[in-house]
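# Structure at a glance
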Amino acid sequence: ESVLENSKGALTLNVTEQCNQRCQYCLYSGQYPGERMHSDKFMSWDVAKAGIDYYLNRSEHLPEQDIRFYGGEPLLAWPLVRRCMDYVRSKTKQAKLSISTNLTLCKQDILDYLIANGVHIVCSLDGPRAVHDSARRYANGKGTFDRVMGALATIHRKDPAYFQEKIGI
């Protein structure tokens, strides 16, 4: 409590331990001792809301409130993520919202929502197609480069300023 009340901090909600990819070097792949593996665990709304309320109530004095959505792949829990973001926005318009995603599940309605709400996107891209697809693959072994680049191109086409300001690759 003292740290939250006296330090700049952020809230990271790990909304799922599941992922739609099986990247070779993923921290959660099972090859790193002491780290969790992918699982079918998803955060509940009650836990997410309690975390948001706890953080917001103890971070009002900070110059910037920072709430992040993480996983696995948080877009697998999109209904929860969106509900959380809507809830945060109902409490404050000032909080910085961000999501770490592989972008492969970014459908048009999700992208529209993220852009409209100024959500920062931290996405995974390892480099050119051959490099990226050598490690970043779906569970069936297919590479994800084309899907990621397609999502990035769509974002850039829809809102170049948002792309410049809110996308971290």
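Everything quoted here is computed from the prediction, not taken from an experiment.

### As for the packing of aromatic side chains
- According to the stated counting rule, one finds two aromatic pairs in the structure shown.
- Between Trp 45 and Tyr 87 the ring centres are 5.6 Å apart and the planes differ by 90°, which places this aromatic pair in the edge-to-face class. Of this pair, Trp 45 sits in helix 2 (residues 45-57) while Tyr 87 sits in helix 3 (residues 78-91), and the two are 42 residues apart along the sequence.
- In this structure Tyr 87 comes out as buried when scored by relative accessible area, which is 14%.
- Ring geometry for Trp 78 and Tyr 113: centres 5.4 Å apart, planes at 80°, overall edge-to-face. One end of the pair, Trp 78, is in helix 3; the other, Tyr 113, is in helix 4 (residues 108-116), with 35 residues separating them in the sequence.
- Residue Trp 78 is classed as buried on the basis of its relative accessible area of 10%.

Thresholds applied
Residues numbered from 1 in each chain as written. Predicted model: local features only at pLDDT ≥ 70, side-chain atom pairs only at ≥ 80, totals over all residues. Heavy atoms only, no water. Phe/Tyr/Trp six-rings, centres within 6.5 Å; stacked < 30°, edge-to-face > 60°. Helix = DSSP H or I, 4+ residues; strand = E, 2+ residues; numbered from the N terminus. Buried < 20%, exposed > 50% of the residue type's maximum accessible area, 1.4 Å probe, protein only.

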